[in-house]
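# Coordinate analysis (summary)
Residues per chain are reported as follows:
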Amino acid sequence: MALSPEPAPPAACREHAAASPAGAAPAPAGRRRAGPLLALGMTAALLALCLLSAGLGAYDIPVGDVLGSLLHRAGLGGEPLDRVGERAVERTAAAPGAGAAGRGGTGVRGGADAGVFGNPLAEPGVIGVSSGAAVGAVASIALGLGFLGTWTVTACAFAGGLATVLLVYALARSGGRTEVVTLILTGIAVNAFAGALIGLCVFLADNAQLTQITFWQLGSLAQATWPKVLAVLPCALAGLAVAPWYARKLDLLALGERPARHLGVEVERLRLILVLVVALLTAAAVAVAGIITFVGLLVPHLLRMAAGPGHRFLVPGSALGGALVLVAADLAARTAAQPAELPLGVLTALFGSPFFFWLLRRTRRKQGGWA
């Protein structure tokens, strides 16, 4: 029995897609202008916050000395600080790099995931890459691996994240296609299995290893030194460079898979590329800073509310906004309970969880839930 060809989308759908890059109602002119203004504002706020963050904490440093240290590192004069001061400046200077390329890339991942999975509440951990990176790091600590010296945990976390997302995609693929529901359910199963492996590693670890595992799982920028950030920067920058090229296709995918195919989008190829981008960014983030949750949910959704759902601004804006949120959270973690330092992942979860509940209630009240 011959199968009839898939019907073309109605003219209204084609006109709707042409008029609305995001696959939704056209954004008002005020919201379209909000994008560039938000980008400028976030850039200025990030620069100011970095200078403020470097000078505050258990070790106070005047802003002029911070600028002098940065100029000295850039070979433009200035004066270096003592060892403790230089370490404080190095950590703060590495934070935007780890944020934009890593944890700020979480915002990019959140924006891309929302388009790929068809849900603005999609979060990067849904396909198991974060838990896979955690397995790699925790296993290297519990087994006492040291083949790369101080880089061992970072390398194992990165490899674990990439391996996990490839496994999830391979298991979810059938007949040359990957259904979103199958991909998500496979990610849930792999997340559960990864949690069991982490629990087994914790059981086998001694007290010293257990302390290191716990500290790493809670998330921190304390180990985000320049060498480590620079080591994962190529992969992270590759992900950040690729994602904006697919902004238009993500906008069309928001219409649904069938209309997107009729409008020329190779849905399966797009999904594969963006899943790999998610893997690169998440693995880089977790390798440098450990597990820090809710940034990928909070940042892109706030930008969506402010400037509309268009991915042309949402993807690069999420990287900038994610870096800003991460630097602010790190400053709060270092100063809220001086001289102690709060775990960064715990702090983002404390603020991110109520925000998530608010999003759920807002969505249910306005739209009756996600269709």
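Treat the numbers as computed from the prediction; the structure is a model and nothing was measured. (Residues numbered from 1 in each chain as written. Predicted model: local features only at pLDDT ≥ 70, side-chain atom pairs only at ≥ 80, totals over all residues. Heavy atoms only, no water.)

## Brief notes about the packing of aromatic side chains
Summed over all chains, the structure comprises one aromatic pair. Between the aromatic rings of F355 and W358, the centroid separation amounts to 5.7 Å while the plane-to-plane angle is 35°, which identifies the pairing as tilted. A residue pair is termed a helical-turn pair when its members lie 3 or 4 positions apart in one helix, as F355 and W358 do in helix α16 (residues 344-367) at three residues. Its relative accessible area of 39% is what places W358 among the partly exposed residues. (Phe/Tyr/Trp six-rings, centres within 6.5 Å; stacked < 30°, edge-to-face > 60°. Helix = DSSP H or I, 4+ residues; strand = E, 2+ residues; numbered from the N terminus. Buried < 20%, exposed > 50% of the residue type's maximum accessible area, 1.4 Å probe, protein only.)

## A few points about the environment of L185
With respect to the helices and strands, L185 occurs in helix α8 (residues 180-204). In this structure L185 comes out as exposed when scored by relative accessible area, which is 53%. On a C-alpha basis, the gap between L185 and A172 in space is 8.5 Å, while along the polypeptide they are 13 residues apart.

## Focus: the pattern of salt bridges
Opposite charge on two side chains permits pairing when their charged atoms draw close. Following the criterion strictly, the structure yields one salt bridge and no others. When the shortest N-O distance is used, the salt bridge between R334 and D330 registers 3.3 Å. In this pair, R334 and D330 both sit in helix α15 (residues 311-335), four residues apart, roughly one turn of the helix. Accessibility expressed as a relative area gives 2% for D330, which makes it buried. (Salt bridge = Lys/Arg side-chain N within 4 Å of Asp/Glu carboxyl O.)

## Focus on the packing of helix α6 (residues 129-142) against helix α13 (residues 267-289)
Axes are the key here: two packed helices are described by the angle between their axes and the distance separating the axes. Two elements in contact, α6 and α13, have axes whose closest approach is 9 Å; the angle formed by their N-to-C orientations is 40°. Between α6 and α13, the interaxial angle falls into the category oblique. Classified by chirality, the crossing of α13 by α6 is right-handed. Contacts between α6 and α13 involve V129, S130, A133 and A134 from the first element and V278, A279, T282 and V286 from the second. Its residues assigned to classes, the contact of α6 with α13 comprises six nonpolar, two polar and no charged. (Axes fitted to C-alpha atoms, helices over the stretch in contact; angles between N-to-C directions. Parallel < 35°, antiparallel > 145°, perpendicular 65-115°, else oblique. Left-handed = near helix turned anticlockwise from the far one by under 90°. Contact = heavy atoms within 4.5 Å. Nonpolar A, V, L, I, M, F, W, Y, C, P; charged D, E, K, R; others polar.)

From the geometry alone we can't say anything about function, so treat these as descriptive.
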